[in-house]
Amino acid sequence: HWYIVGTVMFVRTVVGVPAGTELTIPYIDFWNSREERSRLLAERDMRCACSRCQASDTFDNVRCHQCGNEMRGSEGAWYCNTCDRTTTNAQVERASAELREQLQTADDLGRSGDSHSAYEILQEVERALQHEDVGNPLAFQSHYFLRMAHVSAEVKDKPRALQYMKMGVACLMEHSQGRVAGVVPALVRLASLCARFGQVGPVPQVTKQAMGLHKTFFGGGQSLFYERFRAELGL
Ligand SMILES: [Zn+2]
Ligand SMILES: [Zn+2]
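As recorded in an unreviewed UniProt entry, the protein chain goes by the name SET domain-containing protein, listed as coming from Eutreptiella gymnastica.

### Some remarks on the coordination of the zinc ion (ligand 2)
Ideal coordination angles are 109.5 degrees for a metal with four donors arranged tetrahedrally and 90 or 180 degrees for a metal with six donors arranged octahedrally. The protein atoms that coordinate the zinc ion (ligand 2) are Cys64 (SG), Cys67 (SG), Cys80 (SG) and Cys83 (SG), at distances of 2.3 Å. Considering all four donor atoms around the zinc ion (ligand 2), the spread of angles at the metal, 101 to 115°, places the coordination shape in the tetrahedral class. In terms of primary sequence, the donors binding the zinc ion (ligand 2) are separated according to C-x2-C-x12-C-x2-C. With a gap of 16 residues between them, Cys67 in the loop between helix H2 (51-54) and strand S3 (72-74) and Cys83 in the loop between strand S4 (77-80) and strand S5 (85-88) connect regions that are remote in the sequence. Taking the relative accessible area as the measure of exposure, Cys67 reaches 32% and is therefore partly exposed. Using a relative accessible area of 25% as the deciding quantity, one classes Cys83 as partly exposed.

### Concerning the side chain of Asp133
Note that Asp133 resides in the loop between helix H4 (115-131) and helix H5 (137-154). Residue class for Asp133 comes out buried when judged on its relative accessible area of 6%. Among the polar contacts listed, one links the side chain of Asp133 to the side chain of His65, at a separation of 2.9 Å. Looking at Asp133, its side chain comes within polar contact range of the side chain of Arg85, at 2.8 Å. What Asp133 contacts, discounting residues up to four positions off in sequence, is Val62, Arg63, Cys64, His65, Met71, Arg85, Thr87, Val92 and Ala95.

### As for the nonpolar core
If you look at the biggest cluster of nonpolar residues, it comprises 41 residues, and the most contacted ones within it are Leu99, Leu122, Leu129, Tyr144 and Leu193. Sorting the residues of this core by element identifies helix H3 (89-111), H4, H5, helix H6 (158-176), helix H7 (183-196) and helix H8 (203-218) as the ones contributing at least two each. With sequence-adjacent residues up to four places away left out, Leu99 is seen in contact with Val125, Ala128, Leu129, Val134 and Phe140. Core analysis: the next-biggest nonpolar cluster, separate from the first, contains six residues, Val62, Cys64, Met71 and Val92 among them.

### Things to note about the sheet that holds S5
Backbone-to-backbone hydrogen bonds pair the strands of a sheet. The strands run either parallel or antiparallel. Read from one edge to the other, the open sheet built from three strands follows the order S3-S4-S5, with strand pairing classed as antiparallel. Edge positions in the sheet fall to S3 and S5, since each has one partner strand and no second. Each adjacent strand pair in this sheet contributes to an overall mean axis angle of 25°, direction not counted. Bridging between S3 and S4 involves three bridges; their strand directions are antiparallel. What sits directly across from Gly73, in S4, is Trp78. Lying on the sheet, H3 is in contact with S4 and S5; it crosses S5 at an angle near 75°.

### Things to note about the confidence of the model for the protein chain
Taken over all residues, the pLDDT of the protein chain has a mean of 79, while the share at 70 or more is 81%. Mean pLDDT across the elements of the protein chain bottoms out in helix H9 (residues 226-233) (63) and peaks in S5 (91).

The rules behind these values
- Residues numbered from 1 in each chain as written.
- Chains lettered and ligands numbered in written order.
- Predicted model: local features only at pLDDT ≥ 70, side-chain atom pairs only at ≥ 80, totals over all residues.
- Heavy atoms only, no water.
- Donors = N, O, S within 2.8 Å, 3.2 Å for Na, K, Ca; no water.
- Tetrahedral: all angles 85-135°; square planar, octahedral: opposite > 155°, others 65-115°.
- Helix = DSSP H or I, 4+ residues; strand = E, 2+ residues; numbered from the N terminus.
- Buried < 20%, exposed > 50% of the residue type's maximum accessible area, 1.4 Å probe, protein only.
- Polar contact = N/O pair within 3.5 Å; in protein donor to acceptor, adjacent residues only side chain to side chain.
- Contact = heavy atoms within 4.5 Å.
- Core = buried A, V, L, I, M, F, W, Y, C linked by side-chain atoms within 4.5 Å.
- Pairing = 2+ DSSP bridges.
- Axes fitted to C-alpha atoms, helices over the stretch in contact; angles between N-to-C directions.
- pLDDT = per-residue confidence, 0-100.

Rendered as structure tokens:
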């Protein structure tokens, strides 16, 4: 959370920051994927060099698709000691790149209103998640669930939309360990989906959770997202 008084910028952080550490603020919705962020920034003739945009998370936390355990890596190879299976950096890289591309295509199709094609691609994503060892799978899964929720909502499949949204939020919570501000918009979307579909039961609790996290991340005041959340929830 940041605000400007005169010529001084005040920044509040949710974690301790050693003196001299570089702080970065988003010019665009950082909830977008890395690819989408770089595309949006390129439109403004900008390029981001923050650690989150530069880091490769391909080999972060490689998971065995059969048992879900973390694989152990050494010298370009990965081994699951539960299933006695091995894979290579090249395979993990290929599978991860393919997943990223499919999710991006599904995002693009969803945005252009072609929910049917987006849904078909997302089914391929689901198959790939079950059959490939990829790095950072929770990031892929949460992206997949949230996009699936969106597509299901578009085609008015209410039970599915809510189910995927809940799984997406749970996945995101686990992935971010409650430290990524992106869980706030996901919770707000969940609450607004519930409200739209007449399932008002969980709305107060989800809204309360979103507002609580919003306070943690943004100090409870105005932020880039705050007005949008309020509008989305009809507050
Ligand atoms: Zn960045
Ligand atoms: Zn395994």
